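# Examination of the molecular architecture
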Amino acid sequence: LPAAWKEQIESAFGCPIREHYGARETGGMAFDCRYRNGLHVLADQFVIEVERDGRPAEEGELGSILVTDLSNYATPLIRYRIGDLGRLEFGNCPCGRATPRLRLEGREVDAIRTDCELVSS
């Protein structure tokens, strides 16, 4: 949800928006907290990785999101490229959670690659 849209919707309805990240294949994988400091990954159920040019992305570096579902024994998804772009951040959030935080940037198919950075539309 682009920040500008979020502000408009919150203004129109007079209440904060809560974000939740998931997919049909996995269900919910991450959620925000009252501090809006990224989306907290449900790390006991999912391993979320960010990959850039075939290597693990550095903390905060934009890349393709890979998902491993630790709960799905019938149809395991291991390092499943979900088609989204994002950044991972580590360290404690002011809310007290210490799980990785995901910042979504868009979809891979909605992005233009330049020499210096991936740019999502």
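Residues numbered from 1 in each chain as written. Predicted model: local features only at pLDDT ≥ 70, side-chain atom pairs only at ≥ 80, totals over all residues. Heavy atoms only, no water.

With that out of the way, let us pick up the sheet that holds strand β6 (residues 63-69). The eight strands are arranged β1-β2-β3-β8-β7-β6-β4-β5 in an open sheet whose pairing can be described as antiparallel. Pairing within the sheet leaves two strands with one partner each, and these edge strands are β1 (20-23) and β5 (55-56). With two bridges connecting them, strand β3 (residues 39-41) and strand β8 (residues 101-107) associate as antiparallel partners. If you follow Leu 39 over to β8, its bridge partner there is Leu 102. (Pairing = 2+ DSSP bridges. Helix = DSSP H or I, 4+ residues; strand = E, 2+ residues; numbered from the N terminus.)

Another aspect to go through is the pairing of β1. Where burial is concerned, the two faces of β1 differ: the one with Tyr 21 and Ala 23 is buried and the one with His 20 and Gly 22 is not. In this sheet, strand β2 (residues 27-31) lies alongside β1 in antiparallel orientation, the contact comprising four bridges. If you follow Ala 23 over to β2, its bridge partner there is Gly 27. Hairpin connection of β1 to β2: three residues between the antiparallel strands. (Buried < 20%, exposed > 50% of the residue type's maximum accessible area, 1.4 Å probe, protein only.)

The next point concerns the pairing of strand β7 (residues 80-89). Counting buried positions along β7 gives seven out of 10 residues, so the element sits mostly inside the fold. Note that β6 and β7 share four bridges and pair antiparallel. In the sheet register, Leu 66 faces β7, and the bridge partner there is Arg 81. Of the strand pairs in this sheet, β7 and β8 are connected by six bridges, and their pairing is antiparallel. The partner of Glu 89 across the bridge, within β8, is Arg 101.

The next thing to look at is a nonpolar patch on the surface. Residues Leu 1, Trp 5, Ile 9 and Phe 13 make up a contiguous nonpolar surface patch of about 470 Å² in total accessible area. Tracing the chain through its elements places Trp 5 in helix α1 (residues 3-13). (Patch = residues over 30% accessible without salt bridge, like charges linked within 9 Å, V, L, I, M, F, W, Y side chains within 5 Å. Areas by Shrake-Rupley, 256 points an atom, 1.4 Å probe, with all protein chains shown as cover. Salt bridge = Lys/Arg side-chain N within 4 Å of Asp/Glu carboxyl O.)

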